[in-house]
Amino acid sequence: MKIIWIIDNKYRELYGLYDLKKKLSESGIKLYLFNIPVWKTAIDLINPNVVIVPNLYKNSCGPIVNYAYLKKINVFMHSSEGMFYTDNVQNEKYPPYLVNKVSKFLVWSKQDAKFLIKKGFKNKVIITGNLKFDKRHYQNKKNLNKKIKVIGIPTHSRVISGKGRSKYNIPYLIRHLIENLEPSRIGYLKFDIDYIKAVVDVVHRFKNDYKIIIKPSPFEDMKIYEKTFPDVEIFYGEDIRDFLKKTDVILNVYSSTSVDALKYNIPVISISNLIDWDKSVIADKDRGPYAKTGAGTLAIQSKNILNLKKILKKNSNELIKL
């Protein structure tokens, strides 16, 4: 048996696949990993029994599903990202015309399963969780009941600090969003700037009392952060677990780092209220700052910078309880 696993984002989708590949080979199953741009070449070359895709978006993996379906190849979906579970988000994530062509959904959560079962696809759903969050990665948990000394900040900007992706600059995206009738998403571009403003405020207020470590997103240019924040440590690794081992608390907005941190018994504090959100983003009840689902909800909500200072005075055990 031969399986092709399509990789969209190597920074979040390769966790655990080395071990899975070894385990499958013991049963005579060959697992091949291919980056998304070469999907058609991969299918024609390997002629697999199963293709696993990370999403069902029409401009991403929709063509893969259609091609494999025509060739009578089973398609599985294992989502590459998640944690937003409103019906609007789920309808985008699982478009009916493609869901019908997928044999199995290897879903992260009970929320995904519930949605698909409600739509009549119970026989296609298997709750697998996500390999990134395998408990074996977190066996050596951090020691609780200690004073907070090191603050970790995973960043969220992409456009203003991206790695030389010249096409995706702010003027280009503004025009693209307006012409594609998505002007409300311009508010998320404003977030790039307002988020940095919030981080500057945190660094200014706390650098003398705490060690601060900033972990740039893998899509950002780390040198920009080195020049911008020479007074704090910049984490240069790519494995979130190595970053977490150095921290006592995480200040977060959107990142799924919240899940990793809590699995290490590292408390998470949201700094969403430190950001001057655009009205269009606040109005987004599916993914905005006040959405009821998403990684940002897995955190203590700081009301303002003074409240954040008060929260940081508590020890890690108190914060985990909160």
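Above this note sits the structure.
For clarity, every value in this text was computed on a predicted model and none was experimentally measured.

Asker: Teacher, can you tell me more about the sheet that holds strand E2 (residues 30-35) here?
Answerer: What links the strands of a sheet is backbone hydrogen bonding, and the strands pair in either a parallel or an antiparallel sense. Spatially, the six strands line up as an open sheet ordered E2-E1-E3-E4-E5-E6, and their pairing is parallel. Edge positions in the sheet fall to E2 and strand E6 (125-127), since each has one partner strand and no second. Sheet twist, expressed as the average angle between the axes of neighbouring strands with direction ignored, equals 20°. Here strand E3 (residues 50-53) pairs with strand E4 (residues 74-77) via four bridges, running parallel. Its bridge partner lying in E4, Val-53 is registered against Met-77. Here helix H2 (residues 17-25) sits on the sheet in contact with strand E1 (2-7) and E2, set at roughly 150° to E2. Packing of helix H4 (residues 62-70) onto the sheet brings it into contact with E1, E3 and E4, and relative to E3 it is tilted by some 165°.

Asker: Would you mind going over the pattern of salt bridges with me for this structure?
Answerer: For side chains of opposite charge, pairing can occur when their charged atoms come near one another. Across all of its chains, the model carries 18 salt bridges by this definition. Residue Lys-93 is joined to Asp-112 by a salt bridge in which the shortest nitrogen-to-oxygen separation is 3.0 Å. One end of the pair, Lys-93, is in helix H5 (residues 87-93); the other, Asp-112, is in helix H7 (residues 110-118), with 19 residues separating them in the sequence. By the burial criterion, Lys-93 is buried, and Asp-112 matches it. Lys-146 is the salt-bridge partner of Asp-248, the closest N and O atoms lying 3.2 Å from each other. Note that Asp-248 is positioned in the loop between helix H11 (240-244) and strand E10 (249-252) and Lys-146 in the loop between E6 and strand E7 (150-154), a separation of 102 residues in sequence. Overall, Asp-248 belongs to the buried group, its relative accessible area being 7%.

Asker: What exactly am I supposed to notice about the packing of aromatic side chains here?
Answerer: To describe a pair of aromatic rings, one takes the distance between the centres and the angle between the planes. The full count for this structure, using the stated rule, is twelve aromatic pairs. Ring centres of Trp-39 and Tyr-67 lie 5.5 Å apart, and the angle between their planes is 70°; on these two criteria the pair is classed as edge-to-face. With Trp-39 in helix H3 (residues 39-46) and Tyr-67 in helix H4, this residue pair connects regions lying 28 residues apart in the sequence. Look at Trp-39 and you get buried, because its relative accessible area is 17%.

Asker: Would you mind going over unusual backbone geometry with me for this structure?
Answerer: Negative phi characterises most residues that are not glycine, and trans characterises most peptide bonds. The phi dihedral of Asn-47 is positive, around 50°, even though this residue is not glycine. With respect to the helices and strands, the residue Asn-47 is situated in the loop between H3 and E3. Although it is not a glycine, Lys-72 adopts a positive phi angle of roughly 60°. Following the sequence through the fold, Lys-72 ends up in the loop between H4 and E4.

How each quantity is defined
- Along each chain, residue indices are assigned from 1 in the same order as the chain's sequence is written.
- For a predicted model such as this one, the threshold for reporting local features is a pLDDT of at least 70, and the threshold for listing and counting side-chain atom pairs is 80 or more; totals across whole chains, interfaces and linings nevertheless cover every residue.
- With hydrogens and water stripped out, all remaining heavy atoms of the structure feed into the side-chain values.
- DSSP bridges decide pairing: two strands pair if at least two such bridges lie between them.
- Going along the chain from the N terminus, every DSSP run of H or I of four or more residues is numbered as a helix, and every run of E of two or more is numbered as a strand.
- Between N-to-C directions, angles span 0 to 180 degrees; the directions come from axes that are lines fitted to C-alpha atoms, helices contributing only their stretch in contact.
- Any pair of residues with heavy atoms lying within 4.5 Å of one another is described as a contacting pair.
- Salt bridges are defined by distance alone: a side-chain nitrogen of Lys or Arg within 4 Å of a carboxyl oxygen of Asp or Glu.
- Only protein chains enter the accessibility calculation, which uses a 1.4 Å probe; a residue whose area is less than 20% of its type maximum is buried, one above 50% is exposed, and one in between is partly exposed.
- Geometry of aromatic contacts follows a simple scheme: Phe, Tyr and Trp rings, the Trp one being its six-membered ring, pair when their centres are within 6.5 Å, and the pair is stacked under 30 degrees between planes, edge-to-face over 60, tilted otherwise.

Just geometry here; none of it tells us what the structure is for.
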